[in-house]
Amino acid sequence: MAQDVLTDLSKVRNIGIMAHIDAGKTTTTERILFYTGVNHKLGETHDGASTTDWMEQEKERGITITSAAVTCFWNKNQINIIDTPGHVDFTVEVERSLRVLDGAVAVFDGKEGVEPQSETVWRQADKYGVPRICFVNKMDKMGADFYFTVDTIVSRLGAKPLVMQLPIGSESDFIGVVDLLSMQAFVWEGDAKGDVSLGAAYETQEIPADLQAKAEEYRAQLVEAVAESDDALLEKYFAGEELSIDEIKAGIRKLVVNNEIYPVYCGSAFKNRGIQPMLDAVVDFLPNPLDVGAIEAHDPRDESVVIERKPSASEPFSALAFKIAVHPFFGRLTYVRVYSGSVPSGTQVVNSTKGKKERIGKIFQMHANKEIPVEELTAGNIYAVIGLKDTTTGDTLSDSANQVVLESMTFPEPVIEVAIEPKTKSDQEKLGVAIQKLAEEDPTFRVSLNAETGQTVIAGMGELHLDILVDRMKREFNVEANVGKPQVAYRETIRREVPKYDYTHKKQTGGSGQFAKVQISLAPLEGDADKTYEFEDKVTGGRVPREYIPSVDAGIQDAMQYGILAGFPVVNVRAQLLDGQYHDVDSSEMAFKIAGSMAFKEAARLAQPVLLEPLMAVEVRTPEEYMGDVIGDLNSRRGQIQSMEDASGVKVVRALVPLSEMFGYIGDLRSKTSGRAVFSMTFDSYAEVPKAVAEEIIQKAKGE
Ligand SMILES: Nc1nc2c(ncn2[C@@H]2O[C@H](COP(=O)(O)OP(=O)(O)OP(=O)(O)O)[C@@H](O)[C@H]2O)c(=O)[nH]1
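Residues numbered from 1 in each chain as written. Predicted model: local features only at pLDDT ≥ 70, side-chain atom pairs only at ≥ 80, totals over all residues. Heavy atoms only, no water.

The name an unreviewed UniProt entry gives the protein is Elongation factor G, with Leucobacter chromiiresistens as the organism. As recorded by UniProt, the Subcellular location (unreviewed entry) comment attached to the protein reads in full: "Cytoplasm". Among the UniProt annotations of the protein, the heading Sequence similarities (unreviewed entry) holds the following wording: "Belongs to the TRAFAC class translation factor GTPase superfamily. Classic translation factor GTPase family. EF-G/EF-2 subfamily." (UniProt positions renumbered as here; feature names shortened; annotations may be inferred.)

Undergrad: Before we go on, may I ask you to explain the overall build of the protein in this structure?
TA: Check the secondary structure of the protein and you find 17 helices and 38 strands. Across the 704 residues that make up the protein, the buried fraction comes to 55%. Summing over all exposed atoms, the protein offers an accessible surface of approximately 30500 Å²; the carbon and sulfur share of this is 48%. (Helix = DSSP H or I, 4+ residues; strand = E, 2+ residues; numbered from the N terminus. Buried < 20%, exposed > 50% of the residue type's maximum accessible area, 1.4 Å probe, protein only. Areas by Shrake-Rupley, 256 points an atom, 1.4 Å probe, with all protein chains shown as cover.)

Undergrad: I keep staring at the sheet that holds strand 12 (residues 295-299) and nothing clicks. Help me out?
TA: Strand pairing in a sheet relies on backbone hydrogen bonds, with the paired strands running either antiparallel or parallel. Strand order in the open sheet formed by three strands is 13-12-24, and the pairing between neighbours is antiparallel. Every interior strand has two partners, whereas the edge strands, strand 13 (302-309) and strand 24 (405-406), have only one. In this structure, strand 12 lies alongside strand 13, joined through five bridges in antiparallel fashion. Looking across to strand 13, one finds that E296 is bridged to E308. (Pairing = 2+ DSSP bridges.)

Undergrad: Before we go on, may I ask you to explain the nonpolar core in this structure?
TA: Side chains of a nonpolar character, in soluble globular proteins, are inclined to be buried together. Within the largest apolar cluster, 98 residues are counted, with the highest numbers of intra-cluster contacts made by I79, V105, W122, F146, L222 and I252. Sorting elements by how many residues they give to this core places helix 6 (residues 209-227) first, with eight residues. Here this core spans two domains, and each of domain 1 (9-207 + 260-291) and domain 2 (302-406) adds at least three residues to it. In this structure I79 touches R13, I15, V70, T71, C72, W74, L279, V282 and V283, once residues within four positions along its chain are discounted. Grouped together as the second largest cluster of nonpolar side chains are 44 residues, V418, V488, I631 and Y665 included. (Core = buried A, V, L, I, M, F, W, Y, C linked by side-chain atoms within 4.5 Å. Domains from an automatic or database assignment. Contact = heavy atoms within 4.5 Å.)

Undergrad: Is there a simple way to think about unusual backbone geometry in this case?
TA: What you tend to see is this: most non-glycine residues have negative phi, and most peptide bonds are trans. In this structure, M183 is a non-glycine residue whose phi angle is positive, near 50 degrees. When you line up the elements, M183 lands in the loop between strand 8 (176-179) and strand 9 (184-187). The backbone phi angle of N259 is positive, close to 60 degrees, even though this residue is not glycine. Tracing the sequence through the fold places N259 in the loop between helix 8 (245-257) and strand 11 (262-266). N259 gets classed as partly exposed once you look at its relative accessible area, which sits at 22%.

Undergrad: Which parts of the structure should I look at to understand the packing of helix 11 (residues 425-441) against helix 12 (residues 463-477)?
TA: In a packed pair of helices, the relevant descriptors are the angle between the two axes and the axis-to-axis distance. At a minimum axis distance of 10 Å, the contact between helix 11 and helix 12 shows a crossing angle of 120 degrees. Classed by the angle they form, the pair helix 11 and helix 12 counts as oblique. The two elements helix 11 and helix 12 cross, and the hand of that crossing is right-handed. Packed against helix 11, whose contacting residues are K430, L431, A434, I435, K437, L438 and E441, the element helix 12 presents L469, R472, M473 and F477 at the interface. Residue classes in the contact of helix 11 with helix 12 are distributed as seven nonpolar, no polar and four charged. (Axes fitted to C-alpha atoms, helices over the stretch in contact; angles between N-to-C directions. Parallel < 35°, antiparallel > 145°, perpendicular 65-115°, else oblique. Left-handed = near helix turned anticlockwise from the far one by under 90°. Nonpolar A, V, L, I, M, F, W, Y, C, P; charged D, E, K, R; others polar.)

So, in structure tokens, the structure goes:
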């Protein structure tokens, strides 16, 4: 039966559908699931009944945020579609899915061409070396222009497209495509109004006379590009011999798998035209797990030791958890990509990232509308597993006797935060549960408790990211809470060294007292960007007993959570414990912790504390006539212009702008450019806040 799990890995494709928001990713995915024969009710995204949009609010917002994996079958090949979100706020989610897929279909809006966010996602796919085919969607739309879109693949992405089809007709007259491989026309005739019913097959016809010359021109380009890839083909080509379709396909496949070329297809997902040939291309050209080959892993005891894992059932088991989701019936589902080996359900494995035992419970492959239980996890495939307790996104599962850690993912800094105040004690408890569950699904946000205000503070990647987290807390976990305004996640640091600072903590409150004396030094910590604190014990001669030294360290770290200027976390500090004194009776861990904490607070004041703010790398694409306004506006936001470039009819302005100045930017940009400019932004770095601005922030922080 078609839905049996395939063991022949050459017939498996793990792919993602990547797109700019609104390019039609959801519609395309749904059509794919329909055409691949999955028996489910098809819902348009605007009705909110889409298959891959799991969460209620995603449907409301009409954007796809979480990655679910859906399995479908096409011509006896198994295609696992890993959903990749397209919003810029969720680049980490995108990267997480890119990590586990072997190929992708990049969907473009046939009117807009490559848009800034398609570019961001494309660059991320480049980073992970994901081979791609392109699907130019919305060919039925007013203003759709296939050739313009192909041009933008060159001009905006610097990639090499390989045109595989030409559209027949455009906008409302778009009826099908010329297939440049077979040199035939594929036409979806439709009813009297030209509407094609879902799942309808196409007819193979002769190429329309007015497209014949163009088709020949493009086919010649295609054959030439392919011939160049292979000496044997090139020889044949120069000898004037015709290359067979199979030879051309094999050549294209090689180029695609090597990320050298990107075949381009077109259609209209919405109008049910063009999906089947694109699915053929997924099977023909995107790599299978064997093409991808061995993956590099590390020894969990020593990161520098590289271990290879091959996509074979006979290798030791290794898998990467890439998504945690809560299923209405099964509870916690862990989506895994298995890289090597094979283990049946019930097997005990190890979470080698955390060093914890885990038992593989029931295993499923998720189809669009039902879960198909399978007996074992096998290399090269994607599954949902029940029963894993401690595994979170990014963790590796391994064979107990042969542990490896698959490359861990690096996450960008969360730069925006919001304070949450639960209304009642029971809400406080619910909030705790919600945070724990959400953190399992999404490792990119951070939570802290502000001991001074008693508020829970959540930090994330952007306004929308926080918005969605807060929304889910309220909706899925019924947390009633007052939510503050999103705030910039400022930091504090020190600029000057304090070579020696003494602090004595002494208290006599009847009975035994408290006594601890410490001498510390503070200095700015430079270099390693991932390390924000370093503690060194320099005490000699047992002047501070061993057992109290970690307490001093802990005390300093406690104090660093609330900086001296405005209460923001302090980063990039090197602290040394130089000397100290203790008392036989009155000294305790607590006393040394307090001494460490107080010594830091006082010494930091002398160390020239400064405020840091996140700078965002902002990219604006604007028609030339608005460029002056765009730059003037960025300047007024304390932006530093980095570059200005031409890109196919628009100007691309890149700038570094403090995040605090970017609130509400989208609206301002729209009104300044009549809605014609677009922008994207990502976190770049932390930088010192100019003095005048810093004073304002400090006053505000103190006043509130
Ligand atoms: N005219 C036309 N509209 C389309 C086509 N495909 C999708 N759309 C419409 O474009 C809008 C966005 O489509 P989606 O499929 O939700 O796009 P998406 O890329 O998944 O968007 P997000 O989920 O928001 O990231 C919807 O209103 C679709 O009906 C198409 O082929 N032609």
